[in-house]
Amino acid sequence: MYSFRLKSLSKLLPRKTAIQSVPSHNYSTSTQPAVTSPQQDYEKQLKDFNTLKNITRKPRTKKPQRAPFMKELLIGNFDTEILTYPQLDRKEEVEEIQVDAQTVQKLLGQNHMVNCTSLGDKNFRQNLADYKMIGLQASQYINGRECGISETMRYLEALSEHSLRDSIITHEQLSVQTLNKYANEMLKQKYLPRIMAGESLAAMCLSEAHVTDITGFGTKADLSSDGKSWVLNGEKTMVINGVSADVLIVFAVTNVIKRDVEEDKRITAFVIEKDSPGVSFVKNDSTSVETASIRFENTTIPNENVIGEVDKGVDILNEIILDYRLSIGPPCITLTKKILNTLSNEIIRKSDDVNLIYKTDAVRSIIAKITSSIFAMESATYLTSGLLDSFENQDCQMESSIVKVFCSEKLWEASNLCLDLTGTVAISDSHFANKYHKEALPFVSLHDPNDSLKIIIALLGLQHAGVSLNEKIHKIRNPLYFSAFAFKRFFTGRRNDDDDPKLDLELQEYLHPTCYKASKNLEYCVKRLEFATEIMLGRYGPAVINYHMDLRRYAECIIDTYILVACLGRASRSYCIGLRNADCEMLVADTISFNTKQKVQYLVKEIHGGHYATNDENYRQIAKRVFKAKEYALEHPLKRNF
Amino acid sequence: MFLKKLLRVGSTYCYYRAHSKQYTSFIRTLRTSSLHCEQKQDKDEKESKALIQRDAFDRIESKSKQTYLEAIRIFVNEDHIYRRGHVEFIYSAMKHMEEFGVHKDLEAYKSLIDVMPKGKFIPQNIFQAEFMHYPKQQQCIIDLLEQMEDCGVMPDFEMEDQLLNIFGKRGFPLRKYWRMMYWMPKFKNLSPFPVPDPLPTDTFELAKYAIERISGVDVTTVVTVYQTSDVKDSIDDTWIVSAQSGTQKKLLQEHDVTEPLYVEGPFKVWIKGNLINYFILRTKPKPSPEDDDVNLDDVSNLKVSLFNLRPPVGKHLKKIPSVHEQDDGTIFSLCATGTSSQDSLLSWIRHLENDGNPKLGEVQVVFTLKTGTKEVAKVGDEESQEKIEDK
């Protein structure tokens, strides 16, 4: 068996490995390398061999794909499978991860690591590489860890201890992963080992100034006349790690397909070394994260540097960006935990006999809120990663985006609460509350802005729902043509209109009995979401993409419901298997379920009410006035007319 | 109450009888006075009143606010013993206000009201009050207030005291004053197109304002000021206020080279009595897009992009033409120049070309200008010929 594995591995290895130099493949388990090699070669071979020896088999049996969970939930199909909170298969694996993660945390806590301010520091990267912390998901044959998504998330959590967390995660999840997942063997061999050894650094060049969507990209690559290379022109902005990186992954327009009036741009991903002619960069100043603008002028890229296939860059982006969104969860968790720990210790320190601050309601409520936020963030992140790990090719578009929005928002909220509780001293730059607040900022603003991500979440849901609900929506929108349907709906929809949906999903049967009440709350949310979907599509039809205010409400309902699912599943699992503090988890889950029900109730009521019952129309009018005047148009309160 | 009603209805009735023929052609104007019909009736009479004092103001040579107030002061001082003929004086003074440029000046109106003696006209009982005590005097002041209203002059609280001292709290002028003070502030700022107050006197500033207002229909428009002297071979030395939005630039970029562009004008725009000429750069209208039936019930094919950095807009439902693509033509830019001459317009086109519209160098630009009696000029052909040869 072992020999068989080595044999299959040999194909993946570089030419001069020990195994291939052995003439016969049938008994290749021999540890004896080719004798004639000079000393250097011998060492290399030994190293390669050690690599192979250390490979542990990671059997990853994935269950067949299931229907996308959140998308199906919106049309009323609740997949109870999800209430079983996913876990890693082998116990040893979990323990191993725990140990490794702690080692890394320790490493990052050392002075020479803490003081590092840029990922451009080679020593810093090599230290990380020593612990195999670059290229987590890369194959073990090139010295990666071959982690699953959940494991990756755990390690990212550990890596987030460092203040360079943005740079590290962007590097890992965008640049390294793009190469690891989509580049061909040749490119992988060329770049990945160097990157993973910390010798070079990759950066992803995606965003452009004044571009709202990838269809607006101005960076263009044209095939040269001999068809062997591409010529790249354009400018990319906000490239994270752009200053220190020496390998760039660039997304550029390679083809424009015109259909009538609409243009469709095809995008391709390239790898370029930054010292190639025609590449210049400017450091963006005063950002907490190292970013740069990179300019390409007639840069020539050989044909073999295309990642994946030509014109298929969007597919790469579609997947990679979802994983990236998911990986915003871990740093947010780490940072919020830090905030909670520091804050609670600070409060204990401040309390004395005269004034037991930690016993006051004011403090307790805030501490409890942050705690349940962390619980929810963790639950959602690891549920999503678990889904991706346990099902083949699972569609987690919505779930990943939800993790990004929710985690970054809760982090921001926690840092604000921390500021509130700290008081005046927080104004000082060196105070921890102030520092954490600044560290929280990139997650809210960098990359996808939360607000538009929310709208995307809502639209993804509606897109999926629209397919199966199309016929029904057609009837709802034309009551005069389908009068029997309309009358029937008038009576059957009564309970929905009265905000009293029939709770018949029996979710409590899949959870611990203690969760009965919480599960009913969840059912209520699911039912109301289904109703909201129908309203949104029925009222606006395909124009729904323009009603952002309702989309935002709808998205908030979706996000909260998903979080509730994750929390309930996790709490129930912990309670069943008897983890420490499982009772507290139950309490947290109850709290969250109560909050979620209230919020969903309120929001769906607003969606149901339409713009007569909400401020939407007022907002439109007010904003219109401001844009007409191009400034704040209202008079000063002290102004007199006569 | 009854009496009041009778007065109003009665007067309206008189109005109907006298003007029943003209009634249909009566232009509706918003007035705060319920007595305005009476004023109309008395129009001829009023002019005859004014005849007497005509010369008092005609004699003054330099006509300014100062001399106007001086004339009023002289009348008051001369006549201080008997104080007669105020009504006639006020009527004739009102007629001359515009000549002196004080028709929008509150101080002038106040000093006119001040001509009336205080106390004498205050009614002593309710019968006097309701039956128009000293009707001529009251009517005169009502007419004065009416003129203020027409000129958009809002009274102040000092005027209330004046009217109270002259006609008492039941006097009709005071009631009119109260109605004015109720409505005028409400109308004062209602205009959706307010003009700056005070209005700049400089033509350049006015033109800039006019162009900004016209182009305000698209908030992304950028108004730029060019100088003709920056263009080589230009004869005029003047300014050009030009407006163009990003959408217009894009439209111009997409313009078909074989279709000529037209510089048209001058068109007129009025800013509070100041005339500004402006010109537009346009082309023939695009063929109106086919009304392809968008199924507004089909939700099975919503398009969502995963990476919108800003909220998506449902353009794919139907391509809505921009505000610049009108039925009679697509407008690419508009401008006003200091001289409104053809040469300055040529400079304008050159400036636009240098300012991110390279297409203008390739397209034929036709000048179709209507300058009074002059013929329509058409020099674009030569121009573009030259340019093509250059290339």
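Residues numbered from 1 in each chain as written. Chains lettered and ligands numbered in written order. Predicted model: local features only at pLDDT ≥ 70, side-chain atom pairs only at ≥ 80, totals over all residues. Heavy atoms only, no water.

Chemist: I'd love a proper account of the overall build of chain B, names of residues and values included.
Modeler: For chain B, the count of helices and strands is 16 helices and seven strands. Sorting the 391 residues of chain B into buried and exposed places 41% on the buried side. The contacts in chain B between residues at least 6 apart in sequence include a share of 69% that link residues at least 24 apart. Taken as a whole, chain B presents about 22,800 Å² of accessible surface, with 53% of it coming from carbon and sulfur. (Helix = DSSP H or I, 4+ residues; strand = E, 2+ residues; numbered from the N terminus. Buried < 20%, exposed > 50% of the residue type's maximum accessible area, 1.4 Å probe, protein only. Contact = heavy atoms within 4.5 Å. Areas by Shrake-Rupley, 256 points an atom, 1.4 Å probe, with all protein chains shown as cover.)

Chemist: Tell me what's going on with the packing of helix 12 (residues 329-350) of chain A against helix 14 (residues 397-422) of chain A, and back it up with residues and numbers.
Modeler: Residues and elements named next belong to chain A. Put simply, helix 12 and helix 14 touch, their axes get as near as 9 Å, and they point 20 degrees apart. Relative to helix 14, the element helix 12 lies roughly parallel. Considering how the two elements wind past one another, helix 12 and helix 14 form a crossing that is left-handed. Listed contacts from helix 14 to Gly329, Cys332, Leu335, Thr336, Ile339, Leu343, Ile347 and Lys350 of helix 12 are Val403, Cys407, Ser408, Leu411, Ala414, Ser415, Cys418, Leu421 and Thr422. The residue inventory of the contact of helix 12 with helix 14, partitioned by class, reads 11 nonpolar, five polar and one charged. (Axes fitted to C-alpha atoms, helices over the stretch in contact; angles between N-to-C directions. Parallel < 35°, antiparallel > 145°, perpendicular 65-115°, else oblique. Left-handed = near helix turned anticlockwise from the far one by under 90°. Nonpolar A, V, L, I, M, F, W, Y, C, P; charged D, E, K, R; others polar.)

Chemist: I'd like a rundown of the packing of aromatic side chains, residues and numbers included.
Modeler: Overall, the coordinates contain 17 aromatic pairs over all chains when judged by the stated rule. Where Phe121(B) meets Tyr134(B), the ring centres are 4.6 Å apart and the plane angle is 50 degrees; that geometry is what we call tilted. With a gap of 13 residues between them, Phe121(B) in the loop between helix 8 (106-113) and helix 9 (126-130) and Tyr134(B) in the loop between helix 9 and helix 10 (135-151) connect regions that are remote in the sequence. Look at Tyr134(B) and you get partly exposed, because its relative accessible area is 27%. Grouped by ring-pair contacts, the aromatic residues Phe57(B), Tyr68(B), Phe75(B), Phe89(B) and Phe100(B) constitute a single cluster. Residue placement shows Lys236(A) over the ring face of Phe217(A); its charged tip is 3.9 Å from the ring centre. (Phe/Tyr/Trp six-rings, centres within 6.5 Å; stacked < 30°, edge-to-face > 60°. Lys NZ or Arg CZ within 6 Å of the ring centre and 35° of its normal.)

Chemist: Account for the side chain of Ser519(A), with residues named and values stated.
Modeler: Within the secondary structure, Ser519(A) is located in helix 19 (residues 516-540). Setting aside chain neighbours within four positions, we find Ser519(A) in contact with Leu507(A), Gln508(A), Leu511(A) and Leu568(A).

Chemist: If you had to explain the domain arrangement of chain B to someone new, which residues and values would you point to?
Modeler: Split into domains, chain B comes out as domain 1 (49-188) and domain 2 (203-286 + 322-371). Centre-to-centre separation of domain 1 of chain B and domain 2 of chain B, based on C-alpha positions: 49 Å. (Domains from an automatic or database assignment.)

Chemist: Describe the pairing of strand 2 (residues 220-223) of chain A, with residues and values.
Modeler: All names here are of chain A. As paired elements, strand 2 and strand 3 (residues 229-240) share four bridges and run antiparallel to each other. Note on strand 3: the bridge partner recorded for leucine 223 is tryptophan 230. Between strand 2 and strand 3, which pair antiparallel in sequence order, lie five residues; one of them, glycine 227, sits at a positive phi of approximately 75 degrees. (Pairing = 2+ DSSP bridges.)

Chemist: So, the domain arrangement of chain A: which residues are in play, and what are the values?
Modeler: Under the domain assignment, chain A is made up of domain 1 (204-311) and domain 2 (452-625). With centres defined by C-alpha atoms, the gap from domain 1 of chain A to domain 2 of chain A works out at 40 Å.

Chemist: Go over helix 14 of chain A, please, and point to the residues and values.
Modeler: Taking 1.5 Å per residue, 26 residues should reach 38 Å; helix 14 of chain A reaches 38 Å between its end C-alpha atoms and fits that length. Backbone geometry just downstream of helix 14 of chain A places Gly423(A) in the positive-phi region, at approximately 85 degrees. (Expected span 1.5 Å × (residues − 1).)

Chemist: Account for helix 10 of chain B, naming residues and giving values.
Modeler: A turn of α-helix holds 3.6 residues, and therefore any two residues three or four places apart point the same way. For helix 10 of chain B, which comprises 17 residues, the first-to-last C-alpha distance of 24 Å matches the rise-based estimate of 24 Å (1.5 Å per residue) to within 8%. In the stretch just after helix 10 of chain B, Gly152(B) is the one whose phi turns positive, near 75 degrees.

Chemist: Give me the nonpolar core: which residues, what numbers.
Modeler: In this structure, Phe78(A), Leu128(A), Phe251(A), Ile307(A) and Tyr554(A) are the most contacted members of the largest nonpolar core, which totals 171 residues. A per-element tally of this core places helix 20 (residues 548-577) of chain A first, with 14 residues. Taken domain by domain, this core gets at least three of its residues from each of domain 1 (204-311) and domain 2 (452-625) of chain A. In contact with Leu128(A), other than residues within four places in its own chain, are Leu107(A), Leu108(A), Met113(A), Met133(A), Ile134(A), Leu159(A) and Ile168(A). Counting residues in each nonpolar core, the second largest holds 39 residues, with Phe57(B), Tyr109(B), Met116(B) and Val153(B) among its members. (Core = buried A, V, L, I, M, F, W, Y, C linked by side-chain atoms within 4.5 Å.)

Chemist: Describe a nonpolar patch on the surface, with residues and values.
Modeler: Taken together, Tyr182(B), Trp183(B), Phe187(B) and Leu190(B) make up a surface patch of nonpolar side chains, about 430 Å² in accessible area. Turning to its location among the elements, Trp183(B) is positioned in helix 12 (residues 172-188). (Patch = residues over 30% accessible without salt bridge, like charges linked within 9 Å, V, L, I, M, F, W, Y side chains within 5 Å. Salt bridge = Lys/Arg side-chain N within 4 Å of Asp/Glu carboxyl O.)

Chemist: Help me get a handle on the environment of Leu112(B), residues and values and all.
Modeler: Residue and element names in this part refer to chain B. Mapped onto the fold, leucine 112 is located in helix 8. Spatially, the C-alpha atoms of leucine 112 and serine 344 are 49 Å apart, while their sequence positions differ by 232 residues. Excluding anything up to four places from it in sequence, leucine 112 contacts Tyr68, Ile72, Phe89, Ile90, Ala93, Met94, Met97 and Leu144.

Chemist: Can you lay out the confidence of the model for chain A for me, pointing to particular residues and giving the numbers?
Modeler: Of the residues in chain A, 90% reach a pLDDT of 70 or more, and the chain-wide mean stands at 85. pLDDT under 50 marks residues 1-36 of chain A. Its contacts with residues more than four places away, or in other chains, come to 29 contacts. (pLDDT = per-residue confidence, 0-100.)

Chemist: Can you explain the side chain of His86(B)? Please cite residues and give values.
Modeler: Along the chain, the position of His86(B) falls in helix 6 (residues 86-95). Apart from residues no more than four positions distant in its own chain, His86(B) is found in contact with Phe75(B), Val115(B), Met116(B) and Pro117(B).

Chemist: Could you give an account of the UniProt feature "domain: ACAD9/ACADV-like C-terminal" (unreviewed entry) in chain A, naming the residues involved and the relevant values?
Modeler: UniProt records the feature "domain: ACAD9/ACADV-like C-terminal" (unreviewed entry) for residues 517-631 of chain A in the present numbering. With 83% helix and 0% strand, residues 517-631 of chain A has its two end C-alpha atoms placed 50 Å apart. (UniProt positions renumbered as here; feature names shortened; annotations may be inferred.)

Chemist: Run through the pattern of salt bridges, naming residues and quoting values.
Modeler: Residues and elements named next belong to chain A. One pass over the full model with this rule turns up 48 salt bridges over all chains. With a shortest N-O distance of 2.9 Å, glutamate 409 and lysine 454 are connected by a salt bridge. Linking glutamate 409 in helix 14 with lysine 454 in helix 16 (residues 450-477), this pair joins segments that are 45 residues apart in sequence. For lysine 454, a relative accessible area of 8% corresponds to the buried category. Members of the salt-bridge network, linked through shared partners, are Glu157, Lys337, Glu378 and Arg570.

Chemist: Describe the packing of helix 11 (residues 313-326) of chain A against helix 14 of chain A, naming the residues involved and giving the relevant values.
Modeler: Residue and element names in this part refer to chain A. At a minimum axis distance of 7 Å, the contact between helix 11 and helix 14 shows a crossing angle of 40 degrees. Between helix 11 and helix 14, the angle is such that the two are oblique. Considering how the two elements wind past one another, helix 11 and helix 14 form a crossing that is left-handed. Packed against helix 11, whose contacting residues are Leu322, Arg325 and Leu326, the element helix 14 presents Gln397, Ser400, Ser401, Val403 and Lys404 at the interface.

Chemist: Describe in detail unusual backbone geometry, supporting the description with residues and values.
Modeler: Pro266(B) follows Gly265(B) through a cis peptide bond whose omega is -5 degrees. Checked against the element boundaries, Pro266(B) lands in strand 3 (residues 261-271). Phi angles above zero are rare outside glycine, and Lys630(A) is one such case at about 60 degrees. Within the secondary structure layout, Lys630(A) lies in the segment after helix 22 (616-629). Its relative accessible area of 54% is what places Lys630(A) among the exposed residues. With a phi close to 55 degrees, Met132(B) is a non-glycine residue in the positive phi region. Secondary-structure assignment places Met132(B) in the loop between helix 9 and helix 10.

Chemist: So what's going on with the confidence of the model for chain B? Which residues, and what values?
Modeler: All names here are of chain B. Residues with a pLDDT of 70 or more make up 74% of chain B, whose mean pLDDT is 79. Note on residues 9-31: pLDDT is under 50 here. Beyond four places in sequence and across chains, it has 17 contacts. Of the two predicted TM-score estimates for the complex, the pTM is 0.81 and the ipTM is 0.71.

Chemist: Could you give me a rundown of the environment of Ala458(A), with the residues and numbers involved?
Modeler: Tracing the backbone through its elements, the reader meets Ala458(A) in helix 16. It is 23 Å that separates the C-alpha atoms of Ala458(A) and Lys475(A), two residues lying 17 residues apart in sequence.

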